[in-house]
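Descriptive analysis of the structure
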Amino acid sequence: MSSAELESQQKCTDNLQEQAANAENSASKRDSAPEAGDQGFAAAEQYKNKGNDLLKTKEFTKAIEMYSKAIELYPTSAIYYANRALAHLRQENFGLALQDGVSAVKTDPSYLKGYYRRAAAHMSLGKFKLALSDFEYVAKCRPNDKDAKLKFTECNKIVKMRAFERAIAVDKPEKTLSEMYRDMENITIEDDYKGPQLEDGKVTLQFMKDLMEHYKAQKRLHRKFAYKILCDIDVYMRSQPSLVDIKVPGEEKFTICGDIHGQFYDLMNIFEINGLPSEKNPYLFNGDFVDRGSFSVECIFTLFGFKLLYPNHFFLSRGNHESINMNQMYGFTGEVTAKYTSAMADIFTQVFNWLPLCHCINQKILVMHGGLFSSDDVTLDNIRRIDRNCQPPEEGLMCELLWSDPQQWMGRGPSKRGVGIQFGPDVTETFCKLNKLDYIIRSHEVKDMGYEMAHNGQCITVFSAPNYCDTMGNMGAFITITGNNLTPNIRSFEAVPHPDVKPMAYANSLMNWLA
């Protein structure tokens, strides 16, 4: 072991010993808990209990309000912070969950759920080493707790796997998928395969109709055709710019959809309501096609198929979930591996790197998955120059396009997610004025009606996964415009039934616990 590794190990040991000492001190403090007559504490407990009831009914925003009131009245209870952290985790506000997890640990170092909440937030943000430290501490505090040991072991596996992947990675010229899989033509189609087949290696409308019916029947596309679609989409996406300009002519309709998140049957419902994609019925899907929902494979091959069929009338933007960290944690990697192979999961990682980051419609509407930037001087040309062939960075223009969220108040603020920023109405107005835009459309956030008009109509959120994760009870929505009338028309829709496969069915086992 190197001296640096020894030093790192010693620091970890010292930290654990310090945490244990703090826990002993905190345990003695808890013996002097508030008396029953403490009115502030009694009222805080009532708010906490209301928050717990709301958490059970999945009313997370209201639950957060109750826990916040409890904290205002009695800010020295680690339980209140930990419970609020859980509600934030359910809303995917990982940055706020992390803050509450930290507060819970500081308030009472002996309250072990605080460490779990902090670890959950770190895991959700891809900070696995920091999560491992918390899991290790809990496991040492509870040496006979099998659950604590299991969580530590699972997180440790992830940390070691990522270290191994970095160790074997080498810099070499990237090959296209077609170059990597030249033997694809030799893949045998078994006699008992009765599913859709490409015609002369090409996607046709009949193939797409057959594919969707095949998927509705919970059957799989043959791996030969799946690989072919991936190879062709890889070649096409490499030729696309980071910002794609779209021209919608005259009175023609154009549809913008938000997050799908592996909810294939809701995707089919969009086509049922609004019509199949065609040259006369173009679509833009604004990222987060996969993860969480357990029909992500069906969603992505349907979307990629339509992109190949109508390359100039069907558009796809990258979301924050089109990335290896998210896919490994939230189910897509596991689903592809289960339905095909781990090698195909690696192929998707490469393809996702080439997805465009945003689209500009008729030079007046900019559509991106997340939001705007930490600087007021960003132009469309700056976006066009982004080198997107990479995993999303933790800061900068690409990060903010994929992760940022709007806020109601002016100016900018730290992200509730812990990545990107939050931007106010003045930021949106300045950006639109600088770039001569009417408004922006973004996705990335669950909304009760599937959409939200904000920033004086200049920032519209659209989210197209109704009853997200089978728990949120929200509606989905999509936006339509016409070339000569860019006023958004919004259609909300409810979730439809799907086969009995639960969301996150293919997710990492530790992430399933966190969810």
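Data block above holds the structure.
Quick look at the overall build of the chain now. Looking only at helices and strands, the chain has 20 helices and 14 strands in total. For the chain, buried positions account for 54% of its 515 residues. For the chain, long-range pairs separated by at least 24 residues make up 71% of all intrachain contacts whose partners lie at least 6 apart in sequence. Put simply, the chain shows about 23,400 Å² of open surface, and 49% of that area lies on carbon and sulfur atoms.

Looking now at the pattern of salt bridges. Applying the stated criterion to the full structure yields 26 salt bridges. The residue K62 makes a salt bridge to E59 at a minimum N-O spacing of 3.6 Å. The exposure class of K62 is partly exposed, given its relative accessible area of 46%. We note a salt bridge from E445 to R442, for which the minimum N-O separation is 2.7 Å. Residue R442 is classed as buried on the basis of its relative accessible area, which comes to 0%. If you follow the salt bridges from partner to partner, you end up with D405, K416, R417, R442, E445, K447 and E452 in one network.

Below, the discussion takes up the packing of helix α2 (residues 39-56) against helix α4 (residues 78-90). Running from N to C, α2 and α4 cross one another at 25°; their axes reach a closest spacing of 11 Å. Classed by the angle they form, the pair α2 and α4 counts as roughly parallel. In this structure, α2 meets α4 at a crossing whose hand is left-handed. Residues F41, A44, E45, K48, N52 and L55 of α2 pack against I79, Y80, N83, L86 and A87 of α4. A breakdown of the residues in the contact of α2 with α4 according to their chemical character gives seven nonpolar, two polar and two charged.

Another aspect to go through is the sheet that holds strand β10 (residues 439-442). Strand-to-strand pairing in sheets goes through backbone hydrogen bonds, with the strands running parallel or antiparallel. Spatially, β1-β5-β6-β10-β12-β11 is the arrangement adopted by the six strands of the open sheet, whose pairing is mixed. The sheet is open, and its two edges are formed by β1 (243-246) and β11 (451-454), each paired on a single side. The sheet shows a mean angle of 20° between the axes of neighbouring strands, direction not considered. Relative to strand β6 (residues 365-368), strand β5 (residues 358-361) runs antiparallel, the two sharing four bridges. Note on β6: the bridge partner recorded for C360 is L366. Helix-sheet contacts for helix α19 (residues 425-434) involve β6, β10 and β12 (459-462), and the interaxial angle to β10 is about 115°.

This next bit is on a nonpolar patch on the surface. A cluster of nonpolar side chains, contributed by M449, Y451 and M453, occupies part of the molecular surface with about 270 Å² of accessible area. With respect to the helices and strands, the residue Y451 is situated in strand β11.

With that out of the way, let us pick up the packing of aromatic side chains. The final tally for this structure, using the stated rule, is 25 aromatic pairs. For the ring pair F271 and F285, a centre distance of 6.2 Å and an interplane angle of 85° mean the geometry is edge-to-face. With F271 in helix α12 (residues 264-274) and F285 in strand β3 (residues 283-285), the pair connects residues that are 14 residues apart, well separated along the chain. A relative accessible area of 0% means that F285 is categorised as buried. Between F332 and F348, the ring centres sit 4.9 Å apart and the planes meet at 75°, which makes this aromatic pair edge-to-face. With F332 in helix α15 (residues 332-339) and F348 in helix α16 (residues 342-353), this pair connects stretches of sequence that are 16 residues apart. Residue F332 shares its accessibility class with F348, and that shared class is buried. Against the face of Y116 rests K151, its NZ or CZ located 5.5 Å from the ring centre.

Within the secondary structure layout, G420 lies in the loop between β8 (412-414) and β9 (421-423). The spatial distance from the C-alpha of G420 to the C-alpha of P393 is 9.9 Å, given a sequence separation of 27 residues.

Counting 56 residues, the largest nonpolar core has M123, L366, I383, F431 and I440 as its most contacted members. At seven residues, helix α6 (residues 112-124) tops the list of elements feeding residues into this core. Residues in contact with I440, not counting those within four places in the same chain, are L366, M368, L372, F423, T428, F431, C432, Q458, C459 and I460. Grouped together as the second largest cluster of nonpolar side chains are 55 residues, F264, M268, L303 and F332 included.

Of the pairings in the sheet, the one linking β11 to β12 comprises four bridges and is antiparallel in character. Its bridge partner lying in β12, Y451 is registered against V462.

Turning our attention to α19. The periodicity of an α-helix, 3.6 residues per turn, causes residues three or four positions apart to be oriented the same way. Among the residues making up α19, those that are buried are P425, V427, T428, F431 and C432. The buried residues of α19 occupy an angular sector of 160° when projected down its axis, which confines them to one face. Facing away from the buried surface of α19 by more than 90 degrees, the exposed residues are E429 and K433. Close packing links the buried residues of α19 with β6, α17 (380-384), β8, β9, β10 and β12. Following α19 by one or two positions, K436 has its phi on the positive side, about 55°.

Parameters at a glance
Residues numbered from 1 in each chain as written. Predicted model: local features only at pLDDT ≥ 70, side-chain atom pairs only at ≥ 80, totals over all residues. Heavy atoms only, no water. Helix = DSSP H or I, 4+ residues; strand = E, 2+ residues; numbered from the N terminus. Buried < 20%, exposed > 50% of the residue type's maximum accessible area, 1.4 Å probe, protein only. Contact = heavy atoms within 4.5 Å. Areas by Shrake-Rupley, 256 points an atom, 1.4 Å probe, with all protein chains shown as cover. Salt bridge = Lys/Arg side-chain N within 4 Å of Asp/Glu carboxyl O. Axes fitted to C-alpha atoms, helices over the stretch in contact; angles between N-to-C directions. Parallel < 35°, antiparallel > 145°, perpendicular 65-115°, else oblique. Left-handed = near helix turned anticlockwise from the far one by under 90°. Nonpolar A, V, L, I, M, F, W, Y, C, P; charged D, E, K, R; others polar. Pairing = 2+ DSSP bridges. Patch = residues over 30% accessible without salt bridge, like charges linked within 9 Å, V, L, I, M, F, W, Y side chains within 5 Å. Phe/Tyr/Trp six-rings, centres within 6.5 Å; stacked < 30°, edge-to-face > 60°. Lys NZ or Arg CZ within 6 Å of the ring centre and 35° of its normal. Core = buried A, V, L, I, M, F, W, Y, C linked by side-chain atoms within 4.5 Å. Arc of directions from axis to C-beta.

None of this, on its own, says anything about what the molecule does.
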